[in-house]
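Breakdown of the fold
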There are 4 protein chains.
Amino acid sequence: MSDKAARKKQFILDTAKKVFSEKGYKDVTMKDIVEACEISRGGLYIYFESTEQIFKAIIDAESAAGDDVFSRTRKDATAGDILAIFLKEQKKELLLKKDNLSVAMYEYLFVKHANGESCKDEKAKFDAAVEVLTHLIENGTENDEFYCEDPNGAARNIMYVIEGLKIAASTYGITEEDIDNELLFIMSGLLSGEE
Amino acid sequence: MSDKAARKKQFILDTAKKVFSEKGYKDVTMKDIVEACEISRGGLYIYFESTEQIFKAIIDAESAAGDDVFSRTRKDATAGDILAIFLKEQKKELLLKKDNLSVAMYEYLFVKHANGESCKDEKAKFDAAVEVLTHLIENGTENDEFYCEDPNGAARNIMYVIEGLKIAASTYGITEEDIDNELLFIMSGLLSGEE
Amino acid sequence: MSDKAARKKQFILDTAKKVFSEKGYKDVTMKDIVEACEISRGGLYIYFESTEQIFKAIIDAESAAGDDVFSRTRKDATAGDILAIFLKEQKKELLLKKDNLSVAMYEYLFVKHANGESCKDEKAKFDAAVEVLTHLIENGTENDEFYCEDPNGAARNIMYVIEGLKIAASTYGITEEDIDNELLFIMSGLLSGEE
Amino acid sequence: MSDKAARKKQFILDTAKKVFSEKGYKDVTMKDIVEACEISRGGLYIYFESTEQIFKAIIDAESAAGDDVFSRTRKDATAGDILAIFLKEQKKELLLKKDNLSVAMYEYLFVKHANGESCKDEKAKFDAAVEVLTHLIENGTENDEFYCEDPNGAARNIMYVIEGLKIAASTYGITEEDIDNELLFIMSGLLSGEE
DNA sequence: TATGAATGAGTCTTCATTCAT
DNA sequence: AATGAATGAAGACTCATTCAT
């Protein structure tokens, strides 16, 4: 029975994810989720007691499922290859229309930040990405693939640009070309020193 | 009496701005504004019929008042000076605690974007800034103050980093040092090529 | 307008009093009162924010209006007369069917007591009545109207009997004869010593 | 298996009694009892279909177990002794904190009375106690232990005072001294005539 | 203009009760 | 017997919006 319950819980999370991706975080009500799931009001409360709890469960699951791009790359890939794959991954996410939690996540973090709660998990994820990129750029520099005097600075720059692109995609909207331009600029910055 | 009305309208906008800076956009109700202004419910409706209308009025006023950093700089300032001033201005805004509309603005744009309305005004402002920065960097490059092969790319990079910093400030939180690091990285990128 | 508001508030209290007298305290919902008053849900909340607040307002008003039997008696009344009037008053209240708040009041005090809140106002009213009765019996004893060795004890006895009758009236039910028997027993106890 | 069922039923009643003594009658829900018993929702319904039914079962059991003070006293006890024991028993109950069903019982009787149902069982218990006390006082009077012209009146007076004390204990709160004072007043009233 | 009372819709949350397993 | 998931009704509370004054 716990198995059935787990499947139902998962079903709710999957359905709620769609709702959050469509409406953001703040506007989603328990009623929205109830209706999307086509279950009863009370039925939802058996599994979750608030939209916050549901959203947390969704992002925790996302994190857990979070594919580490880097770990998926081949052993013999060059730094340039890996970086290219990473940026391509980011691009794919930026262009994602359905099931895109960016807006909901930003709204959620706004709430947490406004309430004085730390967003350390998300911050940690950002910092971890910077860390990995730093090493990657250092390796690339040692191999003479890249030229970079400040790998950590470059890594941070990349991550902030990606955040900037993400927010742009969630507001003004952004074209594939816009993204390509930015990513190319980043790549060329690392390669340019070579000459 | 139209004068008195205008003053009252302005008073409402000033007061509402504080409310939006504290609560973001989505959570602000007409009731919040009525209470902050200490006027009657009906009284507010005479001037504005929704929070959206009020918020629009606030950001329009901001735009109008929006000081153009560039136009305020001295004629004989170098490109490097002007860029430094621009970045310092951005830093000041990033650190602004009170009357900071960033979160409200993002939430507002999320809504517009989700509704399929274009955010062209804001996009235009972004593009305009890129434009100005591009010219600035071009000038700097011509003067040999900067070294830059792709001024437009560099300008966009700067603007996306600033967006990234802004969203970071509104979510994880950000220290003055974090900002300085990013801005220095940008400046050194433009200057580094000189050697 | 404040006048109209005061009248409406009073109307709500009057109507709510009927509801409390019919349903007790715990079972009364804001909805019950809304329906009894034939106003809207929100309309009630303008004046009161909970059934507790409404009930408090009712009993405060009752206290304020609370006729002091003793102050209404003629100057030349004997102690026996005054006591007889007092007991008759109690009898009248015990037999009251409509607008009888006894049950609601008990339930309200149960809640307060269970919550560890003091019921000092009600206790004070009880003690005050004991006090007055004590003086009355003392006076009666001095005049040789009554015979009583422990006026304070007798006063307390009377008040506890009245409480006992009140709860009996609210539970088992009680006949006029039952009350008369008790009150006569009390009176005869005070007079019996004379012989 | 009926044995097992009986034990479970008893367990539910014992547990529910604690709940009623803590929360009174009206506020107790089937959920409260389910949780206190740590059984399933459906499991409770197998044995009882409402809180009312459970409460009735509890008070029926109490009545059945109800120790008759009088029958427990020694044959050669004097009327004064027996009355003293009876009053001491009442005092013990008045001071009982845990497992005290007074409030729940009052609330239950309020409901029955309001619904026009007779509370004859409880009334009968009250009357029976009056009856026994009457005989006791008569005996005491015959033995010259007591002096009392109206034994039935005195018996009723005692019972109403006890009701008064019970309700006072459940509302204002009452001290041991308060109880002692009342009980002493009663005893001395019966003894006083002796002189 | 300005007030603030009034309405009613919307959401939240809790339970009694049922039912498939 | 027993479980606990599921339903739906009931009540609380908050606001956007209107309107008489």
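What you see is a predicted model; the values in this text were computed from it and never measured. (Residues numbered from 1 in each chain as written. Chains lettered and ligands numbered in written order. Predicted model: local features only at pLDDT ≥ 70, side-chain atom pairs only at ≥ 80, totals over all residues.)

Thoughts on the overall build of chain A
Rules: In this text, helices come from DSSP runs of H or I with a minimum length of four residues, and strands from runs of E with a minimum of two, each type numbered from the N-terminal end. Placing a C-beta atom from the backbone of each residue, one calls two residues in contact when those atoms lie within 7 Å.
Secondary structure summary: chain A contains 10 helices and 0 strands in total. Ordered by position in the sequence, the α and β elements of chain A form the string α-α-α-α-α-α-α-α-α-α. Overall size of chain A, expressed as C-alpha extent along the three principal axes, is 65 × 35 × 30 Å. Relative to all contacts within chain A whose residues are 6 or more apart in sequence, the contacts with residues 24 or more apart total 62%.

Structural notes on the arrangement of the chains
There is a gap between chain A and chain C: no contact, and a shortest C-alpha distance of 21 Å. These two, chain A and chain D, are apart from each other, with no contact and a minimum C-alpha gap of 13 Å.

Brief notes about the confidence of the model for chain A
Under the convention used in this document: For every residue, the predictor states its confidence as a pLDDT score lying anywhere from 0 to 100.
Taken residue by residue, chain A gives an average pLDDT of 92. The fraction at 70 or more is 94%. The element-level mean pLDDT for chain A is lowest in helix α5 (residues 69–72) of chain A, coming to 69, with helix α2 (residues 30–37) of chain A highest at 98.

Structural notes on the protein's contact with DNA strand F
Under the convention used in this document: Any residue whose C-beta atom, as set from the backbone, lies within 6 Å of a molecule or strand is reported as near that molecule or strand.
Taken together, 32 residues lie around DNA strand F, and G42(A), T29(B), G42(C), G42(D) and G43(D) are the ones closest in. Secondary-structure elements contributing two or more residues to the surface near DNA strand F are α1 (2–23) and α3 (41–47) of chain A, α2 (30–37) and α3 (41–47) of chain B, α2 (30–37) and α3 (41–47) of chain C together with α1 (2–23) and α3 (41–47) of chain D.

Concerning the interface of chain D and chain C
It is common to give the size of an interface as the accessible area that goes away when the parts come together. Contacts between the two partners involve 33 residues from chain D, matched on the other side by 33 residues from chain C. Where the side of chain D that touches chain C is concerned, the elements lending two or more residues are α7 (102–114), α8 (120–142), α9 (151–170) and α10 (176–192) of chain D. Per-element accounting of the side of chain D that touches chain C gives the leading share, 11 residues, to α9(D).

Digging into the domain arrangement of chain A
All names here are of chain A. Using the following cut-off: For every domain, the bounds stem from an assignment made automatically or drawn from a database. When residues are sorted by character, Ala, Val, Leu, Ile, Met, Phe, Trp, Tyr, Cys and Pro go into the nonpolar class, Asp, Glu, Lys and Arg into the charged class, and all the rest, Gly among them, into the polar class.
Splitting chain A by domain gives domain 1 (2–60) and domain 2 (67–192). Once you take the C-alpha centre of each, domain 1 and domain 2 turn out to be 29 Å apart. Contacts between the two partners involve 9 residues from domain 1, matched on the other side by 9 residues from domain 2. Where the side of domain 1 that touches domain 2 is concerned, the elements lending two or more residues are α1 and α4 (51–65). By residue number, the principal contributor to the side of domain 1 that touches domain 2 is α1, which donates 4 residues. Taken together, the residues of the side of domain 1 that touches domain 2 sort by class into 4 nonpolar, 2 polar and 3 charged.

Things to note about the packing of α1(A) against α2(A)
Residue and element names in this part refer to chain A. Spelled out, the test is: Convention adopted: a line fitted to C-alpha atoms gives each axis, helices being fitted over their contacting stretch, and angles between N-to-C directions are expressed from 0 to 180 degrees. Oblique is the label for any angle not under 35 degrees, not over 145, and not in the 65 to 115 range, which are roughly parallel, roughly antiparallel and roughly perpendicular in turn. Helix crossings fall into two classes, left-handed where the near helix is turned counterclockwise from the far one by less than a right angle and right-handed where it is turned clockwise.
Packing of α1 against α2 leaves a shortest axis separation of 9 Å and a crossing angle of 120°. Judged on the interaxial angle alone, α2 and α1 are oblique. In terms of crossing hand, the pair formed by α1 and α2 is right-handed. Across the interface between the two elements, F11, I12, T15, A16, K18, V19 and K23 of α1 pack against D32, I33, A36 and C37 of α2. Its residues assigned to classes, the contact of α1 with α2 shows 7 nonpolar, 1 polar and 3 charged.

Points about the environment of G189(C)
Relative to the elements of secondary structure, G189(C) occurs in helix α10 (residues 176–192). It is 52 Å that separates the C-alpha atoms of G189(C) and Y45(C), two residues lying 144 residues apart in sequence.

Regarding the protein's contact with DNA strand E
In the neighbourhood of DNA strand E, 33 residues make up the surrounding shell, with G42(A), G42(B), G43(B), G42(C) and T29(D) lying closest. Of all elements in the fold, only α2 and α3 of chain A, α1 (2–23) and α3 of chain B, α1 (2–23) and α3 of chain C together with α2 (30–37) and α3 of chain D reach the threshold of two or more residues within the surface near DNA strand E.

With respect to the interface of chain A and chain B
Contact residues are listed per partner, giving 34 residues for chain A and 34 residues for chain B. Secondary structure elements with two or more residues in the side of chain A that touches chain B: α7 (102–114), α8 (120–142), α9 (151–170) and α10 (176–192) of chain A. Class assignment of the residues belonging to the side of chain A that touches chain B gives a composition of 14 nonpolar, 10 polar and 10 charged.

Describing the relation of the copies chain A and chain B
Defined as follows: Copy-to-copy superposition: least squares on the C-alpha atoms, limited to residues that have pLDDT of at least 70 in both copies.
If you rotate chain A by 179° and push it 0.0 Å along the axis, it lands on chain B with an RMSD of 0.1 Å. These values place the two chain copies in the arrangement generated by a two-fold rotation axis. Every residue of chain A has its C-alpha some distance from the rotation axis, and the shortest such distance is that of G164(A), at 2.0 Å. Comparing contact sets, 100% of the residues at the interface of chain A also lie at the interface in chain B, consistent with an isologous, same-surface contact.

Quick look at the relation of the copies chain D and chain C
Both copies of the chain are tied together by a single rotation about an axis and a shift running along it. Expressed as a screw operation, the relation of chain D to chain C combines 0.0 Å of axial shift with a rotation of 179°, fitting to an RMSD of 0.1 Å. Mapped onto chain C, 97% of the interface residues of chain D again fall at the interface, so both copies present the same surface.

Thoughts on the environment of F48(D)
Residues and elements named next belong to chain D. To keep things clear, this is the line we draw: Remark: C-beta atoms are placed from the backbone, and a residue is labelled buried if 20 or more other C-beta atoms sit within 10 Å of its own, exposed if 12 or fewer do, or partly exposed between those counts.
By the secondary structure assignment, F48 is in the loop between α3 and α4 (51–65). For F48, a count of 19 C-beta atoms within 10 Å puts it in the partly exposed group. Remark: the alpha-carbon pair of F48 and I12, spanning 36 residues in sequence, is separated by 9.4 Å. Non-local contacts of F48, meaning those with residues more than four positions away in its chain, are made with Q53 and I54.

What to know about the packing of α1(A) against α4(A)
Residue and element names in this part refer to chain A. Where α1 contacts α4, the axes come no closer than 10 Å and their chain directions differ by 100°. With respect to α4, the axis of α1 lies roughly perpendicular. Along its contact with α1, which presents L13, A16, K17 and F20, the element α4 presents I54, F55, A57, I58 and A61. Its residues assigned to classes, the contact of α1 with α4 shows 8 nonpolar, no polar and 1 charged.

Describing unusual backbone geometry
All names here are of chain C. In the Ramachandran plot, D99 falls in the positive-phi region, its phi being about 60° despite a non-glycine side chain. Tracing the chain through its elements places D99 in the loop between α6 (79–95) and α7 (102–114). In this model, D144 sits at a positive phi of 65°, which is unusual for a non-glycine residue. The class for D144 is exposed, based on 9 C-beta atoms found within 10 Å.

Examining α6(C)
Along an α-helix, residues three or four positions apart point the same way, because every turn accommodates 3.6 residues. All names here are of chain C. Definition in use: To estimate the expected span of a helix, subtract one from its residue number and multiply by 1.5 Å. Here the arc refers to the directions that run from the helix axis out to each C-beta atom.
Its 17 residues give α6 an end-to-end C-alpha distance of 24 Å, which sits within 8% of 24 Å, the value for a rise of 1.5 Å per residue. Within α6 the residues assigned to the buried category are I82, L83, F86, L87, Q90 and L94. Projected down its long axis, α6 shows its buried positions confined to an angular sector of 130°, all on one face. Exposed side chains of α6 directed beyond 90 degrees from the buried face belong to K88 and K92.

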